[in-house]
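Working through the structure, step by step
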Amino acid sequence: MFHQLHTYADLRKQIHDDLRIQHPEWIQPDGESPLCDSYEARLMETLNVLIRQDPGISYDHNRHS
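These lines cover the structure that appears in this document, whether it is placed above or below. (Residues numbered from 1 in each chain as written. Predicted model: local features only at pLDDT ≥ 70, side-chain atom pairs only at ≥ 80, totals over all residues. Heavy atoms only, no water.)

Attention now moves to the pattern of salt bridges. Counted by the stated rule, this structure contains 3 salt bridges. Asp 17 is the partner of Lys 13 in a salt bridge, and the nearest nitrogen-oxygen pair spans 2.8 Å. Of this pair, Lys 13 and Asp 17 both sit in helix H1 (residues 8-22), 4 residues apart, which is roughly one turn of the helix. For Asp 17, a relative accessible area of 26% gives the class partly exposed. Where Arg 20 meets Asp 37, a salt bridge forms, and the shortest distance between an N and an O atom there is 2.7 Å. Taken as a pair, Arg 20 in helix H1 and Asp 37 in helix H2 (residues 34-53) lie far apart in primary sequence, 17 residues in all. (Salt bridge = Lys/Arg side-chain N within 4 Å of Asp/Glu carboxyl O. Helix = DSSP H or I, 4+ residues; strand = E, 2+ residues; numbered from the N terminus. Buried < 20%, exposed > 50% of the residue type's maximum accessible area, 1.4 Å probe, protein only.)

See the structure below:
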């Protein structure tokens, strides 16, 4: 399914939601998901490293690769 994303916050929210939809078994009875949180944190670290290496990199919802 395609989702229109406009901001970095939209991207983070979509990743957050999609991980939980794709892996309901990772969700604890209290609604927390340390495994999803770990995956999200690792992805954000990777994105931040890429941005620091090339400040010209940005999230552009109009760009289609």
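So that's the structure; there's more coming.
A pair of packed helices is captured by two measures, namely the crossing angle of their axes and the spacing between those axes. Relative orientation of the contacting elements H1 and H2 amounts to 145 degrees, with a least axis distance of 10 Å. Taken as a pair, H1 and H2 cross one another with a handedness that is right-handed. Contacts from Tyr 8, Arg 12, Ile 15, His 16, Leu 19 and Arg 20 of H1 reach H2 at Cys 36, Asp 37, Tyr 39, Glu 40, Leu 43, Met 44, Leu 47 and Asn 48. When the residues that make up the contact of H1 with H2 are grouped by side-chain class, the tally is 8 nonpolar, 2 polar and 4 charged. (Axes fitted to C-alpha atoms, helices over the stretch in contact; angles between N-to-C directions. Left-handed = near helix turned anticlockwise from the far one by under 90°. Contact = heavy atoms within 4.5 Å. Nonpolar A, V, L, I, M, F, W, Y, C, P; charged D, E, K, R; others polar.)

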